[in-house]
Amino acid sequence: MADAQSLPADAPVPDEIVHSVLIDASAEKVFAVVREPGWFINDGEYREHEITTSGPVTHVVDPVHGSFQLAIEAHEPPNRVAFRWLGGGLGEISDAPNNTVEFVIDPAGTAARNRVRLTVRERGFAKLGLDEAVRRRNYEENLHGWQLELDLAKRLAENGRNGTGASVPGEDAHG
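Counting restarts for each chain, with residues numbered from 1 along the sequence as it is written. Local features in a predicted model are, by the rule used here, given only for residues with pLDDT of at least 70; side-chain atom pairs are given and counted only at 80 or more, and totals for whole chains, interfaces and linings are based on all residues. Side-chain measures were taken over the full set of non-hydrogen atoms in the model, leaving aside hydrogen atoms and water.

Participant: Explain the overall build of the protein to me, please; I cannot follow it from the model alone.
Facilitator: Each helix and strand counted, the protein has two helices and seven strands in total. Comment: elements are numbered from the N terminus, with helices defined as DSSP H or I runs of at least four residues and strands as E runs of at least two. Scanning the protein from its N terminus toward the C terminus, one meets helices and strands in the order β-α-β-β-β-β-β-β-α. The burial tally for the protein puts 43% of its 175 residues in the buried class. Contacts: residue pairs with any heavy atoms within 4.5 Å of one another. By sequence separation, contacts in the protein at least 24 residues apart represent 54% of the contacts at least 6 residues apart. Burial classification: accessible surface area is computed with a 1.4 Å probe over protein chains only, and a residue below 20% of its type maximum counts as buried, one above 50% as exposed, and the rest as partly exposed.

In structure tokens form, the structure reads like this:
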């Protein structure tokens, strides 16, 4: 049986990835997680990042994965945030191909106040201009990675960064 987290060998690389997860938390708590530039740069375990902003570009340094450039494309608390992002070593975000990552938070079910659906949509694989094998590898890594990241967002929103469900300093619910 084929792995659901990979493409058939003869299939073209899609331009986007879409994943969703249900979270038992308010939209404000989920937004407090996903609004942080680069929160998703990790291995499914939250790490503090060094974050600096220079004009429209935010530089995020992860202690494991290195340096990334992001630009905020949309910031609509508590329902939507979108970033353009570029991995380290590929040039400047302003003049290099990059992907857009959008997080949308929608009410889910009848208890909409305390249950939401978080959807991530990453677009732009087709324009990366890398050869087919590199695009395929990047797509498949991100396809798997977004499941890890959405699971992390769920844990953070439901349990807080300290794992107790209580807010910690700097983790307010307002955008």
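Now, onward.
Participant: When you look at the environment of Ala25 in this model, what are you seeing that I'm missing?
Facilitator: In this fold, Ala25 is placed in the loop between β1 (16–23) and α1 (27–34). In sequence terms Ala25 and Leu156 are 131 residues apart; their C-alpha atoms lie 9.8 Å from each other.

Participant: It is not clear to me how the side chain of Arg47 should be interpreted in this structure. Could you clarify?
Facilitator: Summarising the element assignment, Arg47 is placed in the loop between α1 and β2 (50–54). Under the relative-accessibility criterion, Arg47 is labelled buried at 17%. Residues adjacent in sequence count toward polar contacts only when both atoms are side-chain atoms; beyond that, a polar contact is any pair of N or O atoms within 3.5 Å, and within protein one must be able to donate a hydrogen and the other to accept it. In terms of polar contacts, Arg47 uses its side chain to reach the side chain of Asp62, at 3.1 Å. With residues up to four places along the chain from it excluded, the contact list for Arg47 reads Ile41, Asn42, Asp62, Pro63, Val64 and His65.

Participant: Any chance you could explain the nonpolar core here in plain terms?
Facilitator: What tends to happen in soluble globular proteins is that the nonpolar side chains get buried as a cluster. As used in this record, nonpolar core signifies buried Ala, Val, Leu, Ile, Met, Phe, Trp, Tyr and Cys residues forming a set joined through side-chain atoms within 4.5 Å. Val34, Phe40, Phe103 and Leu118 are the most contacted members of the largest nonpolar core, which totals 37 residues. Broken down by secondary-structure element, the contributors of at least two residues to this core are β1, α1, β4 (66–76), β5 (80–87), β6 (99–107), β7 (116–123) and α2 (132–159). Broken down by element, the residue count for this core peaks at eight residues, all from α2. Those residues in contact with Phe103 that sit more than four places away from it in its chain are Val34, Trp39, Phe40, Asn79, Arg80, Val81, Phe83, Leu118, Thr119, Val120 and Trp146.

Participant: How should I be thinking about α1 in this particular structure?
Facilitator: In an α-helix, one full turn covers 3.6 residues, which means residues spaced three or four apart are oriented alike. Judged by how many residues are buried, α1 sits mostly within the fold: six of eight residues are covered. Looking at α1, one finds that the buried residues are Ala27, Val30, Phe31, Ala32, Val33 and Val34.

Participant: I'm lost on the pattern of salt bridges in this one. Help?
Facilitator: A pair can form between side chains of opposite charge whenever their charged atoms are brought close. In what follows, salt bridge is the name for a side-chain nitrogen of Lys or Arg lying within 4 Å of a carboxyl oxygen of Asp or Glu. The tally for this structure, following the rule as stated, stands at 13 salt bridges. Of the charged contacts, one joins Arg123 and Glu16 as a salt bridge, the two residues approaching to 3.4 Å between their closest N and O atoms. In this pair, Arg123 is assigned in strand β7 and Glu16 in strand β1, connecting sequence segments 107 residues apart. Residue Glu158 is joined to Lys154 by a salt bridge in which the shortest nitrogen-to-oxygen separation is 3.0 Å. Of this pair, Glu158 and Lys154 both sit in helix α2, separated by four residues, roughly a single helical turn. A network of salt bridges, in which partner residues are shared, links Glu16, Glu76, Arg80, Glu102, Arg121 and Arg123.

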